[in-house]
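If you want the building blocks of each chain, they are given just below.
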Amino acid sequence: MSNYFIVGASSGIGKAIAEDLAKAGHHVYGTFNKKQCGDQENLNYHFLDVMSENFDLSFLPEKIDGLAYCPGSIVLKPFHRIKADDFVSDYQLQTIGAIKTIQAVLPKLKDSGNASIVLFSTLAVQTGLNFHSMVASSKGAIEGLCRALAAEFAPSIRVNCIAPSLTDTPLAANLLNTEEKKLANAQRHPLKRVGSAEDISNLACFLLSEKSSWMTGQILHLDGGMSALK
Ligand SMILES: NC(=O)c1ccc[n+]([C@@H]2O[C@H](COP(=O)([O-])OP(=O)(O)OC[C@H]3O[C@@H](n4cnc5c(N)ncnc54)[C@H](OP(=O)(O)O)[C@@H]3O)[C@@H](O)[C@H]2O)c1
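Report follows, based on the coordinates. Residue numbering note: each chain is counted from 1, following its sequence as written. Reporting in this predicted model follows two pLDDT cut-offs: at least 70 for local features of residues, and 80 or more for side-chain atom pairs to be given and counted; totals over whole chains, interfaces and linings ignore these cut-offs and use all residues. Calculation of side-chain values draws on the structure's entire complement of heavy atoms; hydrogens and water are dropped beforehand.

**Side note on the nonpolar core**
Phase 1: Judged by nonpolar contacts, the single largest core of 31 residues is most densely connected at Phe5, Ile117 and Leu119.
Phase 2: Every helix listed is a DSSP run of H or I at least four residues long, and every strand listed is a run of E at least two residues long, numbered separately from the N terminus. With 6 residues, helix H4 (residues 133-153) is the largest single contributor of residues to this core.
Phase 3: Here a residue-residue contact requires only that any non-hydrogen atoms of the pair lie within 4.5 Å. Setting aside residues no more than four positions away along its own chain, Leu119 makes contact with Tyr69, Ala98, Ile102, Ile142, Leu145, Cys146, Val159, Asn160, Cys161 and Ile162.
Phase 4: Nonpolar cores were defined as sets of buried Ala, Val, Leu, Ile, Met, Phe, Trp, Tyr and Cys residues, with membership established by side-chain atoms within 4.5 Å. A 1.4 Å probe rolled over the protein chains alone gives each residue an accessible area, and that area as a share of the maximum for its type sets the label: buried under 20%, exposed over 50%, partly exposed in between. Ala9, Leu21, Cys37 and Ile162 belong to the second-largest nonpolar core, a separate cluster that totals 25 residues.

**A closer look at the pairing of strand E6 (residues 157-164)**
Phase 1: When you tally the buried positions in E6, you get 8 out of 8 residues, the bulk of the element.
Phase 2: Burial along E6 is two-sided: Ile157, Val159, Cys161 and Ala163 facing one way and Arg158, Asn160, Ile162 and Pro164 facing the other are all buried.
Phase 3: Strands qualify as paired when DSSP identifies two bridges or more between them. For strand E5 (residues 115-120) and E6, the ladder comprises 6 bridges, and the chain directions are parallel. Of the residues in E6, the one forming a bridge with Ala115 is Ile157.
Phase 4: Where E6 meets strand E9 (residues 219-222), 4 bridges bridge the pair, whose relative direction is parallel. Directly across from Cys161, in E9, lies its bridge partner Ile219.

**Quick look at the packing of aromatic side chains**
Given two aromatic rings, their pairing is described by the distance between the two centres and the angle made by the two planes.
Phase 1: A pair of aromatic rings is counted whenever rings of Phe, Tyr or Trp (Trp by its six-membered ring) have centres within 6.5 Å, and the orientation is called stacked for planes under 30 degrees apart, edge-to-face for over 60 and tilted otherwise. Within this structure, the stated rule accounts for 3 aromatic pairs.
Phase 2: Ring centres of Phe5 and Phe59 lie 6.0 Å apart, and the angle between their planes is 70°; this geometry places the pair in the edge-to-face category. One end of the pair, Phe5, is in strand E1 (residues 3-7); the other, Phe59, is in the loop between strand E3 (43-47) and strand E4 (66-69), with 54 residues separating them in the sequence. In this structure, Phe5 and Phe59 share a single accessibility class: buried.

**Describing the environment of Ser165**
Phase 1: Here Ser165 lies in the loop between E6 and strand E7 (167-168).
Phase 2: The exposure class of Ser165 is buried, given its relative accessible area of 9%.
Phase 3: A C-alpha to C-alpha distance of 27 Å links Ser165 and Tyr29, two positions 136 residues apart in sequence.

**A few points about the site of the ligand**
Phase 1: As a structural note, the neighbourhood of the ligand is formed by 31 residues, with Ser10, Ser11, Ile13, Lys35 and Thr169 the closest of them.
Phase 2: In the environment of the ligand, an oxygen atom lies 2.9 Å from a nitrogen or oxygen atom belonging to the backbone of Lys34.
Phase 3: Within the contact set of the ligand, an oxygen atom lies 3.2 Å away from a backbone nitrogen or oxygen of Cys70.
Phase 4: When the ligand sits alone it has 910 Å² of accessible area, and the protein chains cover 92% of it.
Phase 5: At the level of elements, helix H1 (12-23) and helix H2 (84-112) are the ones that each hand at least two residues to the shell around the ligand. Any residue with at least one heavy atom within 4 Å of a molecule or strand is counted as near it. By the criterion applied in these results, polar contacts are pairs of N or O atoms within 3.5 Å in which, for protein atoms, one can donate a hydrogen and the other can accept it, and in which residues neighboring in sequence qualify only through two side-chain atoms. Values of accessible area rely on a 1.4 Å probe in the Shrake-Rupley scheme; residue burial ignores everything except the protein chains shown.

**Focus on a nonpolar patch on the surface**
Phase 1: Side chains of Ile74, Leu76, Phe131 and Leu171 sit close together on the surface and give an oily, nonpolar patch of about 330 Å² of accessible area.
Phase 2: With respect to the element layout, Leu171 can be found in the loop between E7 and helix H5 (179-188).
Phase 3: Owing to a relative accessible area of 46%, Leu171 belongs among the partly exposed residues under this scheme. Without a salt bridge and with relative accessible area above 30%, a residue can belong to a patch; like charges are then joined within 9 Å and nonpolar side chains (Val, Leu, Ile, Met, Phe, Trp, Tyr) within 5 Å. Salt bridge, as used here: a side-chain nitrogen of Lys or Arg that lies within 4 Å of a carboxyl oxygen of Asp or Glu.

**Some remarks on the pattern of salt bridges**
In a structure, side chains of opposite charge can pair up when their charged atoms sit close to one another.
Phase 1: Applying the stated criterion across every chain, the model contains 4 salt bridges.
Phase 2: For Lys15, the salt bridge goes to Glu19, with nearest N and O atoms at 3.0 Å. Linking Lys15 with Glu19, this pair stays in helix H1, spanning 4 residues, or about one helical turn.
Phase 3: On the basis of relative accessibility, which here comes to 17%, the residue Glu19 falls in the buried class.
Phase 4: Linking Arg193 and Asp199 is a salt bridge whose minimum nitrogen-to-oxygen distance equals 2.7 Å.

**A few points about the packing of H1 against helix H6 (residues 197-208)**
When two helices pack together, their arrangement is captured by the angle between the axes and the distance separating the axes.
Phase 1: Here H1 crosses H6 at 55°, and the two axes come no closer than 8 Å. Here H1 is positioned oblique relative to H6, judged by the angle of their axes. Judged by the twist between their axes, the crossing of H1 over H6 is right-handed. Residues Gly12, Ile13, Ala16, Ile17, Asp20 and Leu21 of H1 form the contact with H6, whose participating residues are Ala197, Glu198, Ile200, Ser201, Ala204, Cys205 and Leu208.
Phase 2: Classifying every residue of the contact of H1 with H6 gives 9 nonpolar, 2 polar and 2 charged. Orientation is described by lines fitted to C-alpha atoms, with helices fitted over the stretch in contact, and by angles between N-to-C directions that extend from 0 to 180 degrees. An angle counts as roughly parallel when it lies under 35 degrees, as roughly antiparallel when it exceeds 145, as roughly perpendicular when it falls between 65 and 115, and as oblique in every other case. When the near helix sits turned anticlockwise from the far one by under a right angle, the crossing is termed left-handed; a clockwise turn instead gives a right-handed crossing. Under the grouping applied here, Gly and all other residues not named as nonpolar or charged are polar, the nonpolar ones being Ala, Val, Leu, Ile, Met, Phe, Trp, Tyr, Cys and Pro and the charged ones Asp, Glu, Lys and Arg.

Here you go:
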């Protein structure tokens, strides 16, 4: 059984990943920020705010076999209404938070000898979408980071990135809070539905496992066909 560290395991996709890995019998160390969570079998929760200077990961064991970094944001605004500082704070959460986390746990991932990192991008990097300039900028950096670290860490640590389209989690609640919005968003997708946290967790668990041991540096478009089909 492996040790997994899931940052942002109190909600949405990270919660689904943490619970799926714990149910499979792995030891999972998950974090919450605002939404405090109680421990479950094989799943221990700890507080972490990646925006704070106090980056205490002393609760982690010596060796970590897999890391998923899940904090993110979706702020959709016309470009001219976004201040430069807003881009900086989004980048701090989505990109610098991932960098700080990876740097802090790198020795533990190296100890595994066979570790896997999963990062999250968005459809809006591959496909230009109105009002997505902020998230596309931060997640574009994540895609570059993924490929660069995959090269630097091979062969001992694999790094892959999932780029979902709209997925039904608390993060996307404003976009899916009426039946009309749900239906319209489902219809935009060639597969006629938005994603679920479980859709994304299935792929993340595969990427974190030995079953994907020949895959690194990939951006996986998990988006109901949005990025590939007309
Ligand atoms: N949902 C979508 O439509 C969608 C689409 C494309 C990409 N994504 C990406 O997928 C990833 C997961 O998204 P999600 O929908 O599962 O989001 P979510 O439901 O909002 O969950 C985000 C998690 O990150 C944690 N978090 C937020 N701020 C944090 C901070 N400062 N320090 C530490 N942890 C923090 C949250 O903790 P608390 O809840 O405890 O505060 C929560 O556990 C994100 O990177 C997102 O950008 C999502």
